[in-house]
Amino acid sequence: MAFFSCSSDDEPIFEPEGVESRAGDLSDASSLLVEENVSALTKATAEFLSTSAITYDMVKGLHNVVSQGLDLGLEEGAYFTELLASNNGVKKVAGFGDYHREIVDFAKLFEVSSISNYALQPAQIETLKKNSYQIYWPYSENWDGKTMPVIAFVPEDQNAEIITAYKIDGGKLVPMLVDENYAENNPVWIINKSDIPYEELPNFSNNELVQDGVAYLGGRCDEPGPVEIAGDKPVIGGGKPPVIQPLVMSVYLGGFMADHQYDSWIAGGSEFDITMAQYSGPYIIKEEDFNSKAVTVTTLRITRSRKDIKNKKWIYFDNCVLISEWFGNENNAAFQIIESDGGSKKNFESELTLTLAGKSFGYKVNLPFQSHDERIYRTVYTHNFIRSSNNNPNVPFEASGVHWTLPWVDGTIVDKYQ
């Protein structure tokens, strides 16, 4: 990156080891391609980008992409999968707006990587693209719109409070130490690996918000719930008079706030998955109509930046449905909140019941999580508890630094086809 600033003659100059070998023989991939060594690959990438001709327009374009990601419910990062994609390549986040026009030159930087003293090998570039590496920009909302960032990498100790970043000073690559307080007040790019694999993201550019059963919530949730609330005199065109079925309750995610940082500052903000599961069949009164496999599992994902968490910022939703149809004879529902950190996919089995003709029938639901996740809260809510004064939208639930509300609404279902 073309940083230029005044410096004293006695300021230390940093010359990384191995520069000549990188600029010379690049045929030995074993010494540089460190797909499993996140620290080594991110360090090499930080050195390369710091000495590349990154322009102000590129920084502005990347900031736009990061801001767009925040609006869509992602952390403050830009995936190399998108930064290095061709003009016609699919960009799930950057393609949502016109911002890809401003970052297209990023790919050109890597195309001429072989002539740099800090060159990246083609195999390393492919690793950045295919393994969900990103440029993470903590506290991006604080950027003054002018200052060029320094570029840091993930150290061997991924929980380190102080890390190394690079800048160009007097035409030389110079290291500097930065911490979270510095990043809060000055732009810092951190080359790291996202906890959320790129392939698990919805294609936001195609107006998709759900992928693999997980709905991403940004600063809004405007998808209407599937329950049709009947008025005093429901109007339905043609046919027989409507049949009004028993009272149905819908449960929503009302508000959410986190005041605990679950990840180190160099890893990013926190992604929370809120899951609720219960019986999903139609209202039934006969035993023979009961289907123990008819269950619905709804997962909503909320990403909070470190700034949001530090400021204890609440986010509120209007129509984020967790349970659309909860009838009175469905006794309970499973509930879970996790902070997502990736890993192998697993399920927690929870047993629920419903009542038919005075008899209780059990069935099982699976609450999804991953092996590296932080389990924050898991419980079974009863139908009566949700409806009681103990569930007060003005008095949030709280567990392990996470706060939430579960408002509910009663309605009746209008059967249009009777």
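Note that the structure is a prediction, hence the values are computed from the model and not measured. (Residues numbered from 1 in each chain as written. Predicted model: local features only at pLDDT ≥ 70, side-chain atom pairs only at ≥ 80, totals over all residues. Heavy atoms only, no water.)

J.: Residues and numbers for helix α3 (residues 56-72), please.
T.: End to end, α3 covers 24 Å across 17 residues, agreeing with the expected 24 Å (1.5 Å per residue, within 8%). Residues M58, V59, G61, L62, H63, V65, V66, Q68, G69, L70 and L72 constitute the buried set of α3. The first or second residue beyond α3 is G73, which carries a positive phi of 95 degrees. (Helix = DSSP H or I, 4+ residues; strand = E, 2+ residues; numbered from the N terminus. Expected span 1.5 Å × (residues − 1). Buried < 20%, exposed > 50% of the residue type's maximum accessible area, 1.4 Å probe, protein only.)

J.: Describe helix α2 (residues 38-50), with residues and values.
T.: Taking 1.5 Å per residue as the helical rise, α2 with its 13 residues ought to reach 18 Å, and the 18 Å between its terminal C-alpha atoms agrees with that figure. With 11 of 13 residues buried, α2 is to be regarded as a mostly interior element. Sitting at the amino-terminal end of α2 is N37, which places a side-chain oxygen 3.2 Å from the backbone nitrogen of S39. (Polar contact = N/O pair within 3.5 Å; in protein donor to acceptor, adjacent residues only side chain to side chain.)

J.: Let's hear about the sheet that holds strand β1 (residues 77-79): which residues, and what values?
T.: Here we have six strands laid out as an open sheet, ordered β1-β2-β6-β3-β4-β5, and mixed in their pairing. Looking at which strands have only one partner, the edges of the open sheet turn out to be β1 and β5 (172-178). Strand-to-strand twist in this sheet, taken as the mean axis angle between neighbours without regard to direction, amounts to 30 degrees. Those strands touched by α3 are β1, β2 (133-136) and β6 (188-193), and its axis lies near 100 degrees from that of β1. (Pairing = 2+ DSSP bridges. Axes fitted to C-alpha atoms, helices over the stretch in contact; angles between N-to-C directions. Contact = heavy atoms within 4.5 Å.)

J.: Account for the sheet that holds strand β15 (residues 332-339), naming residues and giving values.
T.: The sheet built from six strands is open, its strands ordered β7-β8-β12-β11-β15-β18 with mixed pairing. Edge positions in the sheet fall to β7 (210-211) and β18 (374-382), since each of these pairs with one other strand and no more. Across two bridges, the pairing between β7 and strand β8 (residues 214-217) is antiparallel. Its bridge partner lying in β8, Q211 is registered against V214.

J.: Explain the nonpolar core to me, and be specific about the residues and the numbers.
T.: Counting 45 residues, the largest nonpolar core has L49, L62, F80, F110, I135 and W189 as the members making the most contacts within it. Counting 31 residues, the second-largest nonpolar core is a separate cluster that includes Y262, I315, F317 and I386. (Core = buried A, V, L, I, M, F, W, Y, C linked by side-chain atoms within 4.5 Å.)

J.: With reference to specific residues and values, describe the packing of α2 against helix α6 (residues 122-130).
T.: Where α2 contacts α6, the two axes come as close as 11 Å, and the packing angle between them is 105 degrees. Considering the angle they form, α2 stands roughly perpendicular to α6. Here α2 contributes L41, A44 and T45 to the contact with α6, which in turn contributes Q124, T127 and L128. Residue composition of the contact of α2 with α6, grouped by class: three nonpolar, three polar and no charged. (Parallel < 35°, antiparallel > 145°, perpendicular 65-115°, else oblique. Nonpolar A, V, L, I, M, F, W, Y, C, P; charged D, E, K, R; others polar.)

J.: If you had to explain the pattern of salt bridges to someone new, which residues and values would you point to?
T.: Tallied over the entire structure, the rule returns 11 salt bridges. Ionic pairing is found between K43 and E47, a salt bridge with its closest N-O pair at 2.8 Å. Of this pair, K43 and E47 both sit in helix α2, four residues apart, which is roughly one turn of the helix. On the basis of relative accessibility, which here comes to 0%, the residue E47 falls in the buried class. Salt-bridge contacts for E126 lead to K130; the nearest nitrogen and oxygen are separated by 3.3 Å. Of this pair, E126 and K130 both sit in helix α6, four residues apart, which is roughly one turn of that helix. By relative accessible area, which is 62% here, K130 ends up exposed. Salt bridges sharing common partners tie together E126, K129 and K130. (Salt bridge = Lys/Arg side-chain N within 4 Å of Asp/Glu carboxyl O.)

J.: Explain the packing of aromatic side chains to me, using residue names and the numbers behind them.
T.: Under the criterion given, the structure shown has 23 aromatic pairs. Ring geometry for F204 against Y216: centres 5.8 Å apart, planes inclined by 90 degrees, an arrangement best described as edge-to-face. Taken together, the residues F204 in the loop between β6 and β7 and Y216 in strand β8 connect sequence positions 12 residues apart. This pair shows no difference in class: F204 is buried, exactly as Y216 is. Taking 5.2 Å as the distance between ring centres and 55 degrees as the angle between the ring planes, the aromatic pair formed by F335 and Y381 counts as tilted. Of this pair, F335 sits in strand β15 while Y381 sits in strand β18, and the two are 46 residues apart along the sequence. Ring pairing ties together the aromatic residues F335, Y377, Y381, F385, F397 and W404, which thus form one cluster. The cationic tip of K92 hangs over the ring face of Y198; the distance from NZ or CZ to the ring centre is 4.9 Å. Sitting over the face of the ring of F369, R378 holds its NZ or CZ atom 5.5 Å from the ring centroid. (Phe/Tyr/Trp six-rings, centres within 6.5 Å; stacked < 30°, edge-to-face > 60°. Lys NZ or Arg CZ within 6 Å of the ring centre and 35° of its normal.)

J.: Any details on the pairing of strand β10 (residues 255-258)? Residues and values, ideally.
T.: Burial along β10 is two-sided: the residues G255 and M257 and F256 and A258 are all buried. Sheet topology places β10 next to strand β13 (residues 315-316); two bridges connect them, and they run antiparallel. Within β13, the residue paired with G255 across the bridge is Y316. Two elements, β10 and strand β20 (residues 402-404), share three bridges in a ladder whose sense is antiparallel. Within β20, the position partnered with F256 by the bridge is W404.

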